[in-house]
Amino acid sequence: MPTFSSFAQVQQQPLTDDLTLAYRACGAGPPVIMLHGLADHSLVWQRLADHLRDRYRCLAPDLRGHGDSSKPSTPSAYQAQQLAHDLEVCCQRQQLGSVHVVAHSWAAKIALIWVRHAPTRLSSLTLVDPFFVNRLSPIFRPTFPLLYRALPFLRAMGPFSSWEQAQAMAQTMKQYRDWNDWQQAVFRTGMAQQPDGQWRSKFAIAARNGVFADVLQVAGLTAPLTIPTRLLLPTQGLNRMAWQTRPYHRYLTPLESCPVPGHHWPHLAHPDAFNQAVSQFLTRFPD
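Residues numbered from 1 in each chain as written. Predicted model: local features only at pLDDT ≥ 70, side-chain atom pairs only at ≥ 80, totals over all residues. Heavy atoms only, no water.

Overview of the overall build of the protein chain
Secondary structure summary: the protein chain contains eleven helices and ten strands in total. The C-alpha radius of gyration of the protein chain comes to 18 Å, within 12% of the 19 Å expected for a compact globule of 287 residues. Oriented by its inertia axes, the alpha-carbon framework of the protein chain measures out at about 50 × 45 × 45 Å. Out of the 287 residues in the protein chain, the part that is buried amounts to 56%. Sequence separation of 24 or more characterises 74% of the internal contacts of the protein chain that already satisfy a separation of 6 or more. In the structure as shown, the protein chain presents an accessible area of about 12300 Å², 52% of it carried by carbon and sulfur atoms. Side chains of the protein chain give 26 positive and 18 negative charges; the mean places of these two sets differ by 8 Å. (Helix = DSSP H or I, 4+ residues; strand = E, 2+ residues; numbered from the N terminus. Rg over C-alpha atoms; globule rule 2.2 N^0.38 Å. Buried < 20%, exposed > 50% of the residue type's maximum accessible area, 1.4 Å probe, protein only. Contact = heavy atoms within 4.5 Å. Areas by Shrake-Rupley, 256 points an atom, 1.4 Å probe, with all protein chains shown as cover. Lys, Arg positive; Asp, Glu negative; His and termini not counted. Charge placed at Lys NZ, Arg CZ, Asp CG, Glu CD.)

Details of the pattern of salt bridges
Overall, the coordinates contain seven salt bridges when judged by the stated rule. Put simply, Arg-121 and Glu-88 hold a salt bridge, and the shortest N to O gap is 2.8 Å. Placement of Arg-121 in the loop between α3 (107-117) and β6 (122-128) and of Glu-88 in helix α2 (residues 80-94) is noted, with a sequence separation of 33 residues between them. A salt bridge links Asp-214 to Lys-109, with the nearest nitrogen and oxygen atoms 2.8 Å apart. (Salt bridge = Lys/Arg side-chain N within 4 Å of Asp/Glu carboxyl O.)

With respect to the side chain of Arg-208
Mapped onto the elements, Arg-208 comes out in helix α8 (residues 205-217). Excluding anything up to four places from it in sequence, Arg-208 contacts Tyr-148, Leu-154, Met-157 and Phe-203.

Some thoughts on helix α7 (residues 181-189)
Where α7 is concerned, the buried positions are Trp-182, Gln-183, Ala-185, Val-186, Phe-187 and Thr-189. Looking at the buried residues of α7, the elements they touch are β2 (19-26), α1 (46-52), α6 (163-170), β7 (191-193), α10 (266-269) and α11 (271-282). For α7, the capping residue at the N-terminal end is Asn-180, with a side-chain oxygen 3.2 Å from the backbone nitrogen of Trp-182. (Polar contact = N/O pair within 3.5 Å; in protein donor to acceptor, adjacent residues only side chain to side chain.)

Side note on unusual backbone geometry
For the bond running from Gly-158 to Pro-159, omega is 10 degrees, close enough to zero to count as cis. Positionally, Pro-159 belongs in the loop between α5 (152-155) and α6. Cis geometry marks the peptide bond from Thr-253 to Pro-254; its omega dihedral reads -10 degrees. By the element assignment, Pro-254 lies in strand β10 (residues 252-260). Even without being glycine, Phe-132 reaches a positive phi, approximately 60 degrees. Within the secondary structure layout, Phe-132 lies in the loop between β6 and α4 (144-150). Overall, Phe-132 belongs to the buried group, its relative accessible area being 13%. Positioned with a positive phi, Trp-179 is a non-glycine residue whose angle comes to about 50 degrees. A residue is classified by how much of its surface remains accessible, and Trp-179, at 15% relative accessible area, is buried.

As for the side chain of Thr-229
Structurally, Thr-229 can be placed in strand β9 (residues 225-234). Judged by relative accessible area, which is 1%, Thr-229 ranks as buried. Apart from the residues within four sequence positions on either side, Thr-229 is in contact with Leu-125, Leu-127, Leu-252, Pro-254, Leu-255, Glu-256 and Phe-281.

Examining the sheet that holds β2
Spatially, β1-β2-β4-β3-β5-β6-β9-β10 is the arrangement adopted by the eight strands of the open sheet, whose pairing is mixed. The sheet is open, and its two borders are formed by β1 (11-16) and β10, each paired with just one other strand. Neighbour-to-neighbour, the strand axes of the sheet open up by a mean angle of 25 degrees, direction not taken into account. Relative to strand β5 (residues 99-104), strand β3 (residues 31-35) runs parallel, the two sharing four bridges. Within β5, the position partnered with Met-34 by the bridge is Val-102. Together, β3, β5, β6, β9 and β10 form the strand contacts of α11, whose direction differs from that of β9 by roughly 160 degrees. (Pairing = 2+ DSSP bridges. Axes fitted to C-alpha atoms, helices over the stretch in contact; angles between N-to-C directions.)

Structural notes on α2
The terminal C-alpha atoms of α2 lie 21 Å apart, and with 15 residues this matches the ideal 21 Å at 1.5 Å per residue to within 8%. Looking only at α2, the buried set comprises Ala-80, Leu-83, Ala-84, Asp-86, Leu-87, Glu-88, Val-89, Cys-90, Cys-91 and Gln-94. Following α2 by one or two positions, Gln-95 has its phi on the positive side, about 55 degrees. (Expected span 1.5 Å × (residues − 1).)

Brief notes about the packing of aromatic side chains
In this structure the tally under the stated criterion is nine aromatic pairs. Ring centres of Phe-132 and Phe-212 lie 5.4 Å apart, and the angle between their planes is 70 degrees; on these two criteria the pair is classed as edge-to-face. Highlighted residues: Phe-132 in the loop between β6 and α4 and Phe-212 in helix α8, separated in sequence by 80 residues. For the residue pair Phe-132 and Phe-212, the accessibility class agrees, reading buried in each case. Ring pairs connect the aromatic residues Trp-163, Tyr-176, Trp-179, Phe-187 and Trp-199, which therefore count as one cluster. Positioned above the aromatic ring of Trp-163, the side-chain terminus of Arg-188 is 5.4 Å from the ring centre. (Phe/Tyr/Trp six-rings, centres within 6.5 Å; stacked < 30°, edge-to-face > 60°. Lys NZ or Arg CZ within 6 Å of the ring centre and 35° of its normal.)

See the structure below:
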């Protein structure tokens, strides 16, 4: 599996006696925390970290239930507030002070809840095609099993009888469509072979169930937040209608929207344009 920098090396940050966050880090300077989306892991930020490392300390955790971090067995352990608390404790243990945050998709909800509970911690927010941020109606609960089988990024959880079968599935997914060396490395890093020889995603089933239960119970953006925010909206992403972005314009101040090319995973499909959009925003803030 190819590697691209020291960022590829996984480190461990204990938070409690039974909970550890795996993370990747590189660079020096003001800290930038990079939060992956649902069912992803920290290596998706490799290109962004390499782009920023000359000026920033880049730190990307595997959120609990993902990648190489701890995976509590009960779905109730995956409430967004708990994941936000993990990040706050991690910053305290790392003695990071104020941080910039880049959050993709569902992780935008975690970042917004984190801001609400620790308003002096975050200096800025970059939200990348946010999704599942506000509460869904309970009427959707019966359809969740259908979503688990239909959504490509969840079907990629497996199990797969062989590595070849897993790769074939991955190549049908938008984020891996080019199937270049880096995309292959990201997919491979997110998979693990089981004792019975099958391949499964490292994303825990309990995390999947817990996150979707939390989506029915907790809204991430319901009150004004004063934090400089850039909303990165891929031209083929999930937020193409004005009503979808209205809550961000209503509650986040100051906020600006910025288009970037590509689909829901612009950092994987169009990293050069994406990285430029992030770095342009970060340069506005003094070191």
